[in-house]
Amino acid sequence: MSDQINAQFRPRIFSGIQPSGGLTLGNYLGALKRFAALQGDKAETIYCIVDLHAITVWQDPEVLRARIREAAAAFMAAGVDPAQSILFNQSQVSAHAEMAWLFNTVARVGWMYRMTQFKDKAGKNTENVSLGLLAYPALMAADILTYQATAVPVGEDQKQHLELTRDIAAKFNHDYGVEHFPITEPLIEGVATRVMSLRDGSKKMSKSDPSDASRINLTDDADTIAQKIRKARTDAEPLPGQMDALKDRPEAKNLVNIYAALTDETPDQVLARFEGQGFGAFKPALAEVAVEALSPITRRMAEFMADPAQIDAILADGSARADAVATPILERTKDIMGLLRTRA
Ligand code: AQP
């Protein structure tokens with residue numbers, strides 16, 4: 001059914017990252033690296049710094065402005081080419097916020113309360129968090145469907161939000177008797193779809209974790225990366241020859257997955273080399289591959305950050321190109337819903 005609907009739409013990939021903190025190795029392996037790899041002639045690629053999502057929790061305005069530019073620098077340093085892809089920040093294309101309102105009338109409140117990310121972020125404080133934090137998935141659906149995107153590369157943690165996007169598209173199509181929105185496919189691929197915290201193998205690595213030691217930031221220098229890996233929580237057992245044997249050792253599994261993702265190997269290939277060795281040998285080797293992969297990105301980020309006016313110009317150009325795709329789709333959505341169009 002979704003295949004039939006989706007065949008009517010041109011292949012278009014959309015994804016975004018929140019500038020709610022400095023970007024991490026998790027964002028790089030789970031998102032940025034793949035965003036860059038998906039560029040090419042098979043599908044149009046649209047990438048967004050989702051600043052409207054970031055403000056669902058308090059952000060210092062000056063810090064947020066700087067982080068939006070830093071995120072843009074990270075996208076480009078990781079290989080997103082603003083000539084091949086559209087790169088912009090969400091708040092500059094008003095169709096996102098307008099479409100989100102339309103979807104607030106389609107989505108059901110119960111769907112929002114069921115979202116794991118809302119439960120995690122709100123904790124016991126569900127009555128006192130911003131309404132935006134609860135409605136976040138409707139804005140995410142708007143981000144995607146305002147472009148009629150057919151596929152969205154994301155990490156494992158965003159799978160539930162993607163399912164909700166599909167539910168909103170299907171309910172809209174059903175309620176209005178149209179095939180206006182595709183049923184967007186999640187692209188959750190590779191061994192690094194869920195990079196875990198360096199301090200706790202049961203929690204994902206996150207840019208807003210209070211502990212800086214829990215993550216590798218894309219701005220960390222080589223010494224800091226090596227030190228964080230050296231201090232990463234592990235166990236005293238030697239490494240086995242195969243991943244199956246790591247199923248009850250989350251911290252060890254995480255480090256092996258990170259190594260494999262950085263070197264584009266399978267985790268079993270990595271283990272074949274390190275079988276029988278302890279973390280005293282594995283951690284320095286991991287630090288070496290992490291520094292080798294991340295140092296060029298950190299360096300290119302710093303180069304981009306040295307010229308904020310150039311970043312702003314790139315984002316402005318991306319916003320204009322994004323707007324040109326989004327606005328006709330938004331206008332058609334309003335027409336379908338019966339919102340009278342009185343201006344040409
Ligand atoms: N640890 C991770 N492993 C793999 N992928 C990850 N992503 C995030 N963390 C990991 C992927 O990065 C993209 C952007 O995510 P986001 O910034 O929009 O929000 P998030 O998923 O909530 O990421 P954070 O770092 O945990 O942000 P905060 O702390 O602000 O909530 C997504 O594709 C995500 O899957």
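Described below are features of the structure shown in this document. Keep in mind that what you see is a predicted model, and the values were worked out from it rather than measured. (Residues numbered from 1 in each chain as written. Predicted model: local features only at pLDDT ≥ 70, side-chain atom pairs only at ≥ 80, totals over all residues. Heavy atoms only, no water.)

**A closer look at the packing of aromatic side chains**
Under the counting rule described, the total for this entry stands at 12 aromatic pairs. Ring geometry for Phe 35 against Tyr 47: centres 4.5 Å apart, planes inclined by 10 degrees, an arrangement best described as stacked. Of this pair, Phe 35 sits in helix H2 (residues 25-37) while Tyr 47 sits in strand S2 (residues 44-49); the two residues are 12 residues apart in sequence, bridging distant segments of the chain. Judged by its relative accessible area of 0%, Phe 35 falls in the buried class. Here the aromatic rings of Phe 279 and Phe 282 are separated by 6.2 Å at their centres, their planes lie at 85 degrees, and the arrangement is edge-to-face. One end of the pair, Phe 279, and the other, Phe 282, are both in helix H13 (residues 279-305), 3 residues apart, so they sit about a helical turn from each other. In this structure, Phe 279 and Phe 282 share a single accessibility class: buried. An aromatic cluster is defined as three or more aromatic residues linked by ring pairs; in this entry it consists of Phe 103, Phe 172, Tyr 176 and Phe 181. (Phe/Tyr/Trp six-rings, centres within 6.5 Å; stacked < 30°, edge-to-face > 60°. Helix = DSSP H or I, 4+ residues; strand = E, 2+ residues; numbered from the N terminus. Buried < 20%, exposed > 50% of the residue type's maximum accessible area, 1.4 Å probe, protein only.)

**Examining the nonpolar core**
Leu 32 and Phe 282 are the most contacted members of the largest nonpolar core, which totals 64 residues. At 11 residues, H13 tops the list of elements feeding residues into this core. Both domains that furnish three or more residues to this core are identified here as domain 1 (2-187 + 307-337) and domain 2 (212-303). One finds Phe 9, Met 115, Tyr 136 and Met 337 within the second-largest nonpolar core, a separate group that totals 50 residues. (Core = buried A, V, L, I, M, F, W, Y, C linked by side-chain atoms within 4.5 Å. Domains from an automatic or database assignment.)

**Brief notes about the pairing of strand S1 (residues 12-17)**
Burial of S1 is extensive: 5 of the 6 residues sit out of reach of the surface. On the question of chirality, the crossover connecting S1 to the parallel S2 by way of H2 is right-handed. (Right-handed = clockwise from strand over helix to strand, strands pointing away.)

**With respect to empty space enclosed by the protein**
Summed over all chains, the structure comprises 2 cavities of 30 Å³ or more. In this model, the largest cavity occupies a volume close to 40 Å³. Taken together, Met 115, Gln 117, Phe 118, Lys 121, Leu 133, Leu 134, Tyr 136, Pro 137 and His 161 make up the lining of the largest cavity. At the level of elements, helix H7 (116-122) and helix H8 (131-145) are the ones that each hand at least two residues to the lining of the largest cavity. At 4 residues, H8 tops the list of elements feeding residues into the lining of the largest cavity. Per-class residue counts for the lining of the largest cavity are 6 nonpolar, 2 polar and 1 charged. One number sums up the size of the second largest cavity: a volume of about 30 Å³. (1 Å grid on protein atoms, 1.4 Å probe; cavity = no way out; pocket = protein on both sides within 12 Å on 5 of 7 lines; lining within 4 Å. Points joined across faces, edges and corners; volume = space filled by probe spheres on them. Nonpolar A, V, L, I, M, F, W, Y, C, P; charged D, E, K, R; others polar.)

**Digging into the layout of surface pockets**
Roughly 1,100 Å³ of internal volume is contained in the largest pocket. If you trace the largest pocket, you find 43 residues lining it, with Gln 117, Asp 157, Gln 158, Lys 204 and Ser 206 closest to the centre. Contributions of two or more residues to the lining of the largest pocket are made by S1, H2, H7, H8, strand S4 (151-153) and helix H9 (159-176). Per element, the largest residue contribution to the lining of the largest pocket is 5 residues, and it comes from H2. Looking at side-chain class alone, the lining of the largest pocket contains 14 nonpolar, 19 polar and 10 charged residues.

**Some remarks on the side chain of Asn 27**
With respect to the helices and strands, the residue Asn 27 is situated in helix H2. Among residues more than four places away in sequence, those in contact with Asn 27 are Ile 17, Leu 32 and Lys 207. (Contact = heavy atoms within 4.5 Å.)

**Details of the side chain of Thr 24**
Relative to the helices and strands, Thr 24 is located in the loop between S1 and H2. Judged by relative accessible area, which is 1%, Thr 24 ranks as buried. What Thr 24 contacts, discounting residues up to four positions off in sequence, is Met 205, Ser 206, Lys 207, Arg 215, Ile 216, Asn 217 and Leu 218.

**A short note on the site of the ligand**
Residues in contact with the ligand amount to 23 residues; listed here are only the nearest, Ser 20, Asp 157, Ser 206, Lys 207 and Ser 208. The contact in question runs from an oxygen atom of the ligand to an N or O atom on the side chain of Lys 121, over 2.6 Å. Between the ligand and the protein, one listed contact pairs a nitrogen atom with a backbone N or O atom of Met 205 at 2.9 Å. The cavity where the ligand resides is the largest pocket. For the shell around the ligand, the element with the highest residue contribution is H2, accounting for 4 residues. Of the residues in the shell around the ligand, the class split is 6 nonpolar, 12 polar and 5 charged. (Near = heavy atom within 4 Å. Polar contact = N/O pair within 3.5 Å; in protein donor to acceptor, adjacent residues only side chain to side chain. Sits in = over half its atoms within 2 Å of the grid points.)

Don't take any of this as a statement about function, it's just geometry.
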